[in-house]
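A structural walkthrough
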Number of protein chains: 2
Amino acid sequence: MRKLKDSRRAEIVDAALLVAAEQGIKAVSMRAVAARLGLTPMALYGYFRNKDELLDAVIGRMLAEISRPATGLGWRETILHLAAEVRSVARRYPTVVPLLFTRPAVSPSAIMVIDLLFDALLRAGVEPARVPRMERMISTFIIGYAISEVGGRFSEGSLDTRSRRAQLHPDLLPAHQLLAEHLDAPVDWDAEYQADLDGFLDIVAALAARDRREPIAEPRPSRPPGRPDAERLSRSSGAGSRPDPVR
Amino acid sequence: MRKLKDSRRAEIVDAALLVAAEQGIKAVSMRAVAARLGLTPMALYGYFRNKDELLDAVIGRMLAEISRPATGLGWRETILHLAAEVRSVARRYPTVVPLLFTRPAVSPSAIMVIDLLFDALLRAGVEPARVPRMERMISTFIIGYAISEVGGRFSEGSLDTRSRRAQLHPDLLPAHQLLAEHLDAPVDWDAEYQADLDGFLDIVAALAARDRREPIAEPRPSRPPGRPDAERLSRSSGAGSRPDPVR
DNA sequence: ACCTGAACACCGTTCAAGT
DNA sequence: ACCTGAACACCGTTCAAGT
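A quick note: this is a predicted structure, and the numbers were derived from the prediction, not measured.

Calculation rules
- For every chain, the first residue of its written sequence is number 1, and the numbers climb from 1 along that sequence.
- A letter from A marks each chain and a number from 1 marks each ligand, given out in the order of writing.
- Given that the model is predicted, a residue must reach a pLDDT of at least 70 before its local features are reported, and side-chain atom pairs must reach 80 or more before they are shown or counted; all residues, however, enter totals for whole chains, interfaces and linings.
- Heavy atoms throughout the structure, all of them, feed into the side-chain values; hydrogens and water do not.
- Only DSSP runs of H or I covering at least 4 residues are called helices, and only runs of E covering at least 2 are called strands; the numbering of each starts at the N terminus.
- Type-normalised accessible area, obtained with a 1.4 Å probe on protein chains alone, sets the label of each residue: buried when under 20%, exposed when over 50%, and partly exposed for intermediate values.
- Any two residues whose heavy atoms approach within 4.5 Å are treated as being in contact.
- Accessible areas in this description were obtained via Shrake-Rupley with a 1.4 Å probe; residue shielding takes into account the shown protein chains only.
- The criterion for an aromatic pair is that two Phe, Tyr or Trp rings (for Trp, the six-membered ring) have centres within 6.5 Å, with stacked assigned to planes under 30 degrees apart, edge-to-face to planes over 60 apart and tilted to the rest.
- In this scheme, Lys NZ or Arg CZ marks a charge over a ring once it lies within 6 Å of the ring centre and within 35 degrees of the ring normal.
- The definition of a nonpolar core used throughout is a set of buried Ala, Val, Leu, Ile, Met, Phe, Trp, Tyr and Cys residues joined through side-chain atoms within 4.5 Å.
- Think of each axis as a best-fit line through the C-alpha atoms, taken over the contacting stretch in the case of a helix, with angles from 0 to 180 degrees between the N-to-C directions.
- When an angle is under 35 degrees it counts as roughly parallel; over 145 it counts as roughly antiparallel; between 65 and 115 it counts as roughly perpendicular; any other value is oblique.
- When the near helix sits turned anticlockwise from the far one by under a right angle, the crossing is termed left-handed; a clockwise turn instead gives a right-handed crossing.
- Under the convention adopted here, Pro, Cys and the residues Ala, Val, Leu, Ile, Met, Phe, Trp and Tyr are nonpolar, Asp, Glu, Lys and Arg are charged, and Gly plus all remaining residues are polar.

Across its full length, chain A holds 12 helices and 0 strands. Looking at chain A as a whole, 51% of its 247 residues are labelled buried. Looking at chain A alone, contacts between residues at least 24 apart form 68% of all its contacts between residues at least 6 apart. For chain A, the computed accessible surface area is about 10900 Å², with 56% contributed by carbon and sulfur atoms.

Taken as a whole and judged by the stated rule, the model has 12 aromatic pairs over all chains. On the basis of an interplanar angle of 45° and a centroid distance of 5.5 Å, the ring pair of Phe141 of chain A and Tyr145 of chain A is categorised as tilted. Pair noted here: Phe141 of chain A and Tyr145 of chain A are both in helix α7 (residues 131–151), with a separation of 4 residues, about one helical turn. Judged on exposure class, the residue Phe141 of chain A and its partner Tyr145 of chain A are both buried. Where Tyr145 of chain B meets Tyr193 of chain B, the ring centres are 5.4 Å apart and the plane angle is 45°; that geometry is what we call tilted. Of this pair, Tyr145 of chain B sits in helix α7 (residues 131–151) while Tyr193 of chain B sits in helix α12 (residues 189–210); the two residues are 48 residues apart in sequence, bridging distant segments of the chain. The pair formed by Tyr145 of chain B and Tyr193 of chain B is uniform in burial state, with each residue classed as buried. In this structure an aromatic cluster arises from ring pairing among Phe141, Tyr145, Trp189, Tyr193 and Phe200 of chain A together with Phe141, Tyr145, Trp189, Tyr193 and Phe200 of chain B. Between Arg87 of chain A and the ring centre of Tyr193 of chain A, over which it is positioned, the NZ or CZ distance is 4.3 Å.

Right, let's talk about the nonpolar core for a bit. As a rule of thumb, soluble globular proteins bury nonpolar side chains together. Counting 142 residues, the largest nonpolar core has Val204 of chain A together with Val204 of chain B as the members making the most contacts within it. Apart from residues no more than four positions distant in its own chain, Val204 of chain B is found in contact with Trp75, Leu121, Ala124, Val126, Met134 and Ile138 of chain B.

Attention now goes to the packing of helix α5 (residues 75–92) of chain B against helix α6 (residues 108–124) of chain B. All names here are of chain B. Orientation of α5 relative to α6, taken along the N-to-C sense of each, is 155°, at an axis distance of 8 Å. One finds that α5 runs roughly antiparallel with respect to α6. Classified by chirality, the crossing of α6 by α5 is left-handed. Two secondary-structure elements touch here, α5 through Trp75, Thr78, Ile79 and Leu82 and α6 through Val113, Leu116, Leu117, Ala120, Leu121, Arg123 and Ala124. Along the lines of polarity and charge, the residues of the contact of α5 with α6 split into 9 nonpolar, 1 polar and 1 charged.

Here it is in structure tokens:
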């Protein structure tokens, strides 16, 4: 089992990812993957104990498409890079992404991404004891948002006020009525994602400062530095810049 | 189709949820659900167009177990209540929860929960235009964290440094090496969830203040009011209380 | 109005066998 | 070392029929 040719194993995983990309995750059957390689289903069991193990490998293969951040990038740009990569991978393989939340992050590529996040947070000056949970929060947000977007949790069905009202008596949804005009507005997902993530990173910066570790000197490229607070969370929602209450 | 007895429909959904709770989501087949009711699989197709539609109803049924927050609760307690309810539902039906991220939130119970969140954010004083995305961020975190915990993304496989090192050459994981002592420490998930969520709510409060809408007077029960910042994010990680850099 | 029976085109996986 | 064939116990869903 362990010494079957690795190249064959890779071929199988590639085939599975292709099937997923082309026909959805439901189409990824041992039989379909084997057929794509001109094999019998049973051939795969020489390389994977069962289908779950194959799917774990598919997740790893997908995450392996995340490119390493360029060396010399600051901690903030590193995280933004990784977040953008996750997003682009999610769009490339939308039906595979939900598996990320379903299986533990055990593949080498997943662990390497986590290591890069750890490293970035340490460079940000976050206290080491706090780094692991900070990483969990950030990656929960990044993955959660990616899945929600491609998986349809944010899609029309959930946004359209009219279809909601059609299902429930309006009186049961008072807040929806108050927000009606804002619920049907088109959403710029890229901007929202970017702004929310920026907000997170401002918090990271604030925590790092609080930890009294010298944050790596690193100007924020997109706006003047020195305002490590939650302001970014509101950026793309149309409010003008107002005095900042937390500083 | 539309006028088949609603009670029968509910029986079917209940049966499906029971099968899921007892034998996992994979065991929820049209055949198994039907058998539990003494029916033929084909009987279900009178009530649901297909299996996906049944699963959507199962999600709705699960969310219907979320209890309404008591009237008179403040916005903050309302959100904390809902978050705690999602968490407890997730533990009750761990294998069903991942479906939350897979299907749009279209069931009446999902919409009602969202309406309660909208209402809480409005009462917090958040500008209406900003409420929908604030809701998306909060519920992404709440659901994402719930799934990660029950679904195993945070489980041993992903936390144990030793097993990671066994897979990859240590030199490839420099940050893991630096953090080794903190990675094997036991995690109090409840405390982490609570603290992170508190951090979010501090941000909400800060944004509301910035929006210049009068926040509903509402003392924070768990600590002195008036510090709407990111501090809570670090609460349970062992750092003593230090001067707050953002205020 | 509600349900069944038979059939079709699929699954994952085991076991034994082939080269 | 690598793969196949046959078989088992399952799937979701369609169609026609029953009461």
